[in-house]
Amino acid sequence: MSTPPSRPAPRHVFMTADAVGGVWTYVADLAAGLAQAGVRTTLAVIGPAPSPGQLALCAGVPGLSLVETGLTLDWMEDEPTAIVAGGRRLAELARASSADLVHLNSPAFASAGAFDLPVVGACHSCLATWWAAVKGGAMPDDFRWRTRVLAEGYRACDRLIAPSAAFAEATSAGYGVDVASVRNGRSRGGRLAGGQKRAHVLTSGRLWDEGKNLAALDAAAARMRGEVRAAGPLTGPGGAAAAVGSVRTLGALDAEAMTEALNAAQVFASLARYEPFGLGVLEAAQAGCALVLSDIPSFRELWRGAAVFVRPDDTAEAAAVMDALLADPGEARRLGALAAERAAACTVEAMTQATLAAYAQTLAPRLAGAAA
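Source: prediction; values computed, not measured.

**Re empty space enclosed by the protein**
Once rolled over the atoms, a probe with the size of a water molecule shows which space is left empty. In this structure the tally under the stated criterion is one cavity of 30 Å³ or more. Volume-wise, the largest cavity comes out at about 40 Å³. The wall of the largest cavity is formed by Y26, A122, H124, I161, A162, P163, V182 and N184.

Following this line, the structure appears as C-alpha cells:
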C-alpha cells in the first residue's frame with residue numbers, strides 16, 4: 001500500500017494581532033499550537049500596545065517573535081487609503097520576515113493587494129454583521145466605506161476561516177465569499193471544572209462593546225436577589241463606554257485573576273446580541289460554570305444542550321433564570337458539568353490541526369503551480 005502524500009505545511013507564518021479583545025488570546029494559543037507542530041510565528045502587533053499580561057501569554061513560545069508595526073486598527077482608521085497603506089506596510093514586513101504564509105486577523109489589510117505570499121484571512125467580527133445584530137437598518141457612512149474595504153480584503157485572501165459555522169454563514173451571506181469554519185480552542189490553564197463555587201454570576205469581555213449587551217445584564221441584575229459581577233474594561237480605544245448601576249465591576253483582570261474569578265463563579269452569563277464565538281464563554285465552561293446565554297445562532301451552535309438560553313433583551317427572564325441557578329447549586333453543578341464536557345472538544349490542539357489544514361489547502365495550489 002502506498003503512503004499517502006503529506007499535506008503541505010508552512011515553516012513560518014506571519015500573523016497579525018491586536019490587543020483590544022479576544023484576538024490576542026486566540027493568536028497566543030494558536031502560536032503555541034503551531035510551535036508544537038514545528039511552525040514559527042512572527043506576530044505583527046496592530047493598534048494599542050499589549051499589556052504585560054498579554055505579553056506574558058506569548059512568553060516562552062518557541063519560535064515566536066513580535067513586531068510592533070505602529071499601525072492603527074483598521075476599524076479605527078479615518079479613510080480607506082490609510083488601510084491600504086497599512087496593508088502595504090504589512091506586506092513589506094511579511095516579506096522581510098521570510099515567512100511562507102500570511103495569516104491576517106484583520107483581513108481588511110489585504111485590500112491593498114500587496115501580498116505576494118498566500119494569505120489566510122480570519123473573520124473574527126465585522127462592522128456589517130455587528131450593525132445588523134445590534135442596531136439594524138441602514139449603516140452610517142463610516143460603517144459603509146469600512147465594509148466596502150473589508151469586502152475587498154476578503155476577496156483578496158486565498159482562504160477565509162471563521163470561528164463558528166454560524167458566523168461563517170453570516171459572513172458568506174453578507175459578502176458573497178466562501179468561509180470555512182475553524183472553531184477556536186483555548187488552553188485550560190488553571191481553570192477547574194467542578195471547583196469550589198460561590199453563589200454569584202460572572203460575565204467578562206469587552207464590556208464597552210454594545211454587542212455584549214451589558215446594559216441588559218445590568219437591568220437583569222437590578223431585578224435579582226443574587227449578585228452579578230463583570231470582568232473587563234468599561235471603555236474602549238475609540239471612546240465607547242458602558243455604565244452600570246447594579247452589576248459589580250471588577251475591572252480588567254490579568255490571566256491569573258480571571259482564572260480565580262471563573263473558578264469561583266457558580267454561573268456565567270452572556271446576554272450578547274453579537275458574538276461570533278465567545279472565548280469568555282469557553283473559559284467559563286472549562287471552569288465548570290453553569291452557562292446562561294442569549295439565544296443567538298453562534299451560542300446555539302456551540303452550547304445547545306449545555307446551557308440555558310434566554311432572549312437577549314428579556315431582563316425579567318434572565319434575572320429569574322440566574323436567581324434560580326444561584327439558589328440551586330445542584331442544578332448549577334449539573335449544567336456546569338455539561339458545559340465542561342462540551343468545552344473539552346475545544347482544545348488548542350484541535351484548533352491548530354484545523355488551522356494547519358486550512359494552511360495546507362491554501363498552499364497546495366501555489367505548490368502545484370510552482371511544480372508545473
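**Examining the environment of R225**
Mapped onto the elements, R225 comes out in the loop between helix 7 (214-223) and strand 9 (227-231). Sequence separation between R225 and W145 is 80 residues, and the spatial gap between their C-alpha atoms is 46 Å.

**Quick look at the nonpolar core**
Nonpolar side chains in soluble globular proteins generally cluster together in the buried interior. With 43 residues, the main nonpolar core has F14, L90, V102, Y154 and Y175 as its most contacted residues. Counting only elements with at least two residues in this core, the list comes to strand 2 (40-46), helix 3 (80-97), strand 4 (101-104), helix 4 (127-134), helix 5 (141-156), strand 6 (159-162) and helix 6 (165-175). A per-element tally of this core places helix 5 first, with six residues. Discounting residues that sit within four places of it in the chain, L90 has contacts with F14, T16, A44, I46, T69, L71, F109 and F115. Core analysis: the next-biggest nonpolar cluster, separate from the first, contains 30 residues, V13, A17, A35 and V39 among them.

**Concerning the pattern of salt bridges**
One pass over the structure, following the stated rule, counts 18 salt bridges. Linking D209 and R206 is a salt bridge whose minimum nitrogen-to-oxygen distance equals 3.2 Å. Salt bridges linked by common partners bring D29, R186 and E283 together as one network.

**What to know about the environment of N213**
For N213, the location among the structural elements is in the loop between strand 8 (198-204) and helix 7. The sequence separation of N213 and E317 amounts to 104 residues, and the corresponding C-alpha distance is 15 Å. Reaching out from N213, the side chain makes a polar contact with the backbone oxygen of P312 at a distance of 2.9 Å.

Reading the values: the criteria
Residue positions are counted from 1 within each chain, in the order its sequence is given. Local features in this predicted model are restricted to residues whose pLDDT is 70 or higher, and side-chain atom pairs enter the listing and the counts only when it is 80 or higher, whereas totals over whole chains, interfaces and linings include all residues. Side-chain metrics in this entry use all non-hydrogen atoms of the structure; hydrogen atoms and water are not considered. In this analysis the probe radius is 1.4 Å and the grid spacing 1 Å, with only protein atoms considered; a cavity is a set of points the probe fits into but cannot get out of, a pocket is an open set with protein on both sides within 12 Å along at least five of seven lines, and lining residues have an atom within 4 Å of a point. Grid points are joined across faces, edges and corners, and a volume is the space filled by probe spheres set on the points. A helix here means a DSSP run of H or I that spans at least four residues, while a strand means a run of E at least two residues long, and both kinds are numbered starting from the N terminus. Take the buried Ala, Val, Leu, Ile, Met, Phe, Trp, Tyr and Cys residues and link them wherever side-chain atoms come within 4.5 Å; each set so joined is a nonpolar core. For each residue, the accessible area found with a 1.4 Å probe, counting protein chains only, is set against the maximum for its type, and the residue is called buried under 20%, exposed over 50%, and partly exposed in between. It only takes one pair of heavy atoms within 4.5 Å for two residues to be counted as in contact. Here, a salt bridge means any Lys or Arg side-chain nitrogen found within 4 Å of an Asp or Glu carboxyl oxygen. In protein, a polar contact means a hydrogen-donor-capable atom and an acceptor-capable atom, both N or O and within 3.5 Å, with residues adjacent in sequence counting only if both atoms are side-chain atoms; elsewhere, any N or O pair within 3.5 Å suffices.

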